[in-house]
Amino acid sequence: MDNLKELKNEEIVSLIQKGEVGVADIIDSGICPTCFDKKNNHILYGDVSSKIIFENDKFECFLVGNPRANGHTAISTKKHYKDMMEIDDITCTEIFLLAKKVMNLLKEVYKAESVYLCTMCDGPMNHFHIQLIPRYSFEKRGSKNFVKPRFDYIEDKEKLELIRNRLK
Ligand SMILES: [Zn+2]
């Protein structure tokens, strides 16, 4: 699947629907999976709008649809950057200060013992993003927290509203 870029949008959508093309193929072909998803009714990742906890002109911050822990959050730039190495210093400062704020909130609202941070953007076309993964008191410390099994997001309206209000 190295010529996806030469196909029409509808042709790629149809290949996805048939299960012949997946997220990895989209990424490998140099198409931005996030923009493709938004343009095509969230065919890849599902609609995150109900999970957004903060948004401004540069960033969006949302609870992950297939979290590794309750409160698993992503903070993403709206502009394209391959990875952290490509962002300017101001954007870098702003996104990490935002991450710090969100981490403190997650710890407080979800009563996590700690919150881990990772970023592993790795593809030709990307939005720089950071993942925040809470670690709870019943979980062991350490890097295994980055690969805890994923599960389906369950909305907790109370926590969602609390976090949204605090980030206003
Ligand atoms: Zn994009």
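This write-up is about the structure you can find in this document. Keep in mind the model is a prediction, meaning the values are calculated, not measured.

## Things to note about helix α4 (residues 89-109)
For α4, which comprises 21 residues, the first-to-last C-alpha distance of 30 Å matches the rise-based estimate of 30 Å (1.5 Å per residue) to within 8%. If you check which residues of α4 are buried, you get Thr91, Cys92, Ile95, Leu98, Ala99, Val102, Met103, Leu105, Leu106 and Val109. Buried residues along α4 cover an arc of 165 degrees about the axis, so they all sit on one side. Along α4, the residues that are exposed and aim more than 90 degrees away from the buried face are Asp89, Ile90, Leu97 and Lys100. The inward-facing, buried residues of α4 abut β1 (52-55), β2 (59-63), β3 (73-77), β4 (114-118), β5 (129-135) and α5 (157-167).

## Here's the deal with the coordination of the zinc ion
Protein-derived ligands of the zinc ion are Cys32 (SG), Cys35 (SG), His80 (NE2) and His127 (NE2), with the metal-ligand distances lying across 2.0 to 2.2 Å. Written as a sequence motif, the donor residues of the zinc ion are C-x2-C-x44-H-x46-H. Of this pair, histidine 80 sits in the loop between β3 and α4 while histidine 127 is found in the loop between β4 and β5, placing the two residues 47 residues apart along the sequence. A residue is classified by how much of its surface remains accessible, and histidine 127, at 5% relative accessible area, is buried.

## Examining the pairing of β2
Both faces of the sheet carry side chains from a regular strand, because those side chains alternate between them. Among the five residues in β2, five count as buried, and that is most of the element. Residue alternation in β2 divides its side chains into two sets, Phe59, Cys61 and Leu63 and Glu60 and Phe62, and both sets are buried. Bridge count between β1 and β2: three bridges; the pairing is antiparallel. Counted as the bridge partner of phenylalanine 54 is cysteine 61 from β2. Where β2 and β3 come together, five bridges link them in antiparallel fashion.

## Section: the pattern of salt bridges
For the structure on display, the rule yields nine salt bridges. A salt bridge links glutamate 139 to lysine 148, with the shortest nitrogen-to-oxygen separation between them at 3.0 Å. Close ionic contact of lysine 157 with glutamate 155 constitutes a salt bridge, the shortest N to O distance being 3.4 Å. Take lysine 157: its relative accessible area is 60%, and that puts it in the exposed class. Taking relative accessible area as the criterion, glutamate 155 reaches 36% and is therefore assigned partly exposed.

## Points about the nonpolar core
Among the nonpolar cores identified, the biggest contains 30 residues, and Ile53, Ile75, Val102, Leu132 and Ile163 are the most heavily contacted of them. Secondary structure elements with two or more residues in this core: β1, β2, α4, β5 and α5. Examining the composition of this core, we find that nine residues originate from one element, α4, more than from any other. Ranked by size, the runner-up nonpolar core spans 10 residues in total, among them Leu4, Ile16, Ile26 and Leu44.

## Quick word on the pairing of β5
Burial of β5 is extensive: six of the seven residues sit out of reach of the surface. In the sheet, β3 pairs with β5 via four bridges, with the strands oriented antiparallel. Among the inter-strand pairings, alanine 74 is bridged to a residue of β5, identified as glutamine 131. Relative to β5, β4 is paired through five bridges, and the arrangement is antiparallel. Across the sheet, the residue bridging to serine 114 is arginine 135, located in β5.

## A look at the environment of leucine 98
Along the polypeptide, leucine 98 turns up in helix α4. On a C-alpha basis, the gap between leucine 98 and aspartate 83 in space is 17 Å, while along the polypeptide they are 15 residues apart. When neighbours within four sequence positions are excluded, leucine 98 is seen to be in contact with Phe54, Phe59 and Ile75.

Reading the values: rules and limits
Residues numbered from 1 in each chain as written. Predicted model: local features only at pLDDT ≥ 70, side-chain atom pairs only at ≥ 80, totals over all residues. Heavy atoms only, no water. Helix = DSSP H or I, 4+ residues; strand = E, 2+ residues; numbered from the N terminus. Expected span 1.5 Å × (residues − 1). Buried < 20%, exposed > 50% of the residue type's maximum accessible area, 1.4 Å probe, protein only. Arc of directions from axis to C-beta. Contact = heavy atoms within 4.5 Å. Donors = N, O, S within 2.8 Å, 3.2 Å for Na, K, Ca; no water. Pairing = 2+ DSSP bridges. Salt bridge = Lys/Arg side-chain N within 4 Å of Asp/Glu carboxyl O. Core = buried A, V, L, I, M, F, W, Y, C linked by side-chain atoms within 4.5 Å.

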